[in-house]
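Residues per chain, in single letters:
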Amino acid sequence: MRLSRRITIMLAGAVLATGIAGSGVPAGARDPAPGVADLTRDLDQILADSRLAPARAGVAVRVAATGEDLYSLDADKLFAPASNTKLLTSAAALDTLGTGFRFTTDVLAASRVGHTVAGDLTLRGTGDPTMLAADYDALAAKVAAAGVKVVTGRLVADDTWFDDVRLGTDWAWDDEPYYYAGQISALTASPDTDYDAGSVIVSVAPGDGPGKAAKVSTTPATGYVKIVNRAVTGDETDVLVERQHGTNTVVVTGTVSEPYDEWVAVWDPTLYAATLFREGLTRHGVKVLGPTVRGTAPAKAATVASRQSMTLGDLLVPFLKLSNNMHAEILTKTMGRKVSGTGTWAAGLAVTTAFAQANGIKTLRLRDGSGLSRVDALTPAGITALLAAVRGKPWFPTWYAALPIAGEADRMVGGTLRSRMGGTPAAGNVHAKTGSLTGVTALSGYVTSADGEPLVFSVISNGYLSGAPRDLEDRIAVRLAQFTRKAAVDETAAARSVTPGSPPQEAAGPAPSAGDLECSWLKPAQC
């Protein structure tokens, strides 16, 4: 990638120290209250774990209402935040676009005579990640219901609401075929209601007998993806589903003994969406004589049919609960489009950065909206400052409810924390955003102490060699839920309630071991 395409939004400034670097001593604390002293001792013990010996860990804990520092460890140092970046992106999007914001997808025609569109029919998108094949079919049905039977020209796919840069700066090249690194376009489609924009589900099932060809299908069913099936029925399921670079040819190899699903990013989501729409037009009796091409809707084109998405307030649930990377990037470009008239990463990141700066984050570096880039950098102190500052925003209740909630089994409630901290004081209490890449784990959010005192916290670890230390994050969160200024707490209870080796909840691509994988990227059958 040429340097001219690199996007770096960075603010570096002096930040007031919230603690002694490398120490868990609260800033300015000479004789802390017994409860605070106990908390400091216990968090120090948790963070003495040998897995962090070659790594870096940053922790910040504050009283949400007053900003009082309860604990600080390298809180002003920059760390790769992974999906904790979505805290900034989602909050900035709510502040910029509003909870009632909706994406619009339109079908336009410049000239129409009776049942005939004389010329081109244009499908124009604004980035809606919730468009399913069924929605494109419904849009085609509206065109037919409007009386259109023939289009003499082409089907034009207008994705110019955003620029044509499809992949984020610094994204790993080997993530490109996988749905969590899908290409970003103003015209896109998702295979199901997780709304992984720009992807299809490839389903592999046993065939008619041992050694026989496996059965392979896609959701949605579409001619846009070509399947090369080399998988066979066997005694175990060991399937590899690979999309060949630069194509929509998916090669399936290995053996299958039970149904297996793989989410795969498509090459060029604009033409993917246009193909789904054209297939819908055909089903509803609308004939398009010309080819499908990219283009821009004529200035005076009239609307033939239209669809609006769910509100941003509703979209926050799959976005934050499931840690959806594509939602973060689409919203980043959408903010750029609204504020500066350009749907680019640079414009959108400028909006997010300005919002973060205005709400307590003084030092940061952003290269994308999701945290897939390893060049993104935030401080635990900055994150807790933001978490405290946004509590007064009118949209805060919606945002707070959309964060994953510890120990809540419902996938759209607990999200990436649904299998963590169950049966502890943190269950149903901690609302927090997870984050993972290989060698990176983070947890930042809100917890109410045993005294009923709202706290904000951020825990980020970078550079561990193996065995993601998420159980340490959980132990810290549980300990904060137990925190009281009135009496000491036995931290061993928290240690017993969250043991090392608890089920991991986040992912970082195809290469890491299962212990480094994020639940939102492993999909529901695996977590």
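It should be emphasised that the depicted structure is a prediction, and the values quoted were computed from it without experimental measurement.

Asks: Go over the pattern of salt bridges, please, and point to the residues and values.
Replies: Tallied over the full model, the rule gives 25 salt bridges. In this structure, Lys333 engages Asp163 in a salt bridge whose closest nitrogen and oxygen atoms are separated by 2.5 Å. In this pair, Lys333 is assigned in helix 6 (residues 325-340) and Asp163 in the loop between strand 9 (155-158) and strand 10 (199-205), connecting sequence segments 170 residues apart. With a relative accessible area of 0%, Lys333 lands in the buried category. By relative accessible area, which is 22% here, Asp163 ends up partly exposed.

Asks: Can you tell me about the sheet that holds strand 18 (residues 292-294), naming the residues and giving the values?
Replies: Spatial strand order, 18-9-7-4-19: 5 strands in an open sheet with mixed pairing. Here the strands that pair on one side only, and so sit at the sheet edges, are strand 18 and strand 19 (302-308). Within this sheet the neighbouring strands show an average axis-to-axis angle of 20°, counted without direction. Lying over the sheet, helix 3 (residues 133-145) contacts strand 4 (104-109), strand 7 (121-124) and strand 19, oriented at roughly 150° with respect to strand 19.

Asks: Would you mind going over the sheet that holds strand 11 (residues 215-219) in detail, with residue names and values included?
Replies: Strand order across the open sheet formed by 3 strands is 11-10-16, with antiparallel pairing between neighbours. Bordering the open sheet on either side are strand 11 and strand 16 (260-265), each of which pairs with just one other strand. Direction aside, the axes of adjacent strands within the sheet are offset by 25° on average. Judged from the 5 bridges that link them, strand 10 and strand 11 form a sheet pairing that is antiparallel. By the bridge assignment, Ala205 is partnered in strand 11 with Lys215.

Asks: Account for helix 7 (residues 345-358), naming residues and giving values.
Replies: Over its 14 residues, helix 7 runs 20 Å from end to end, which matches the ideal 20 Å to within 8%, given 1.5 Å per residue. Every buried residue of helix 7 is listed here: Trp345, Ala347, Gly348, Leu349, Val351, Thr352, Thr353, Phe355 and Ala356.

Asks: Can you lay out the packing of helix 2 (residues 85-97) against helix 6 for me, pointing to particular residues and giving the numbers?
Replies: Axis separation between helix 2 and helix 6 bottoms out at 10 Å; the angle between their running directions is 40°. Classified by the interaxial angle, the pair formed by helix 2 and helix 6 is oblique. Helix 6 is crossed by helix 2, and the crossing has left-handed handedness. Of the residues in helix 6, those touching helix 2 at Lys86, Thr89, Ala92, Ala93, Thr96 and Leu97 are Asn325, Ala328, Leu331, Thr332, Thr334, Met335, Lys338 and Val339. Of the residues assigned to the contact of helix 2 with helix 6, the class counts are 7 nonpolar, 5 polar and 2 charged.

Each value, and the rule that gives it
Residues numbered from 1 in each chain as written. Predicted model: local features only at pLDDT ≥ 70, side-chain atom pairs only at ≥ 80, totals over all residues. Heavy atoms only, no water. Salt bridge = Lys/Arg side-chain N within 4 Å of Asp/Glu carboxyl O. Helix = DSSP H or I, 4+ residues; strand = E, 2+ residues; numbered from the N terminus. Buried < 20%, exposed > 50% of the residue type's maximum accessible area, 1.4 Å probe, protein only. Pairing = 2+ DSSP bridges. Axes fitted to C-alpha atoms, helices over the stretch in contact; angles between N-to-C directions. Contact = heavy atoms within 4.5 Å. Expected span 1.5 Å × (residues − 1). Parallel < 35°, antiparallel > 145°, perpendicular 65-115°, else oblique. Left-handed = near helix turned anticlockwise from the far one by under 90°. Nonpolar A, V, L, I, M, F, W, Y, C, P; charged D, E, K, R; others polar.

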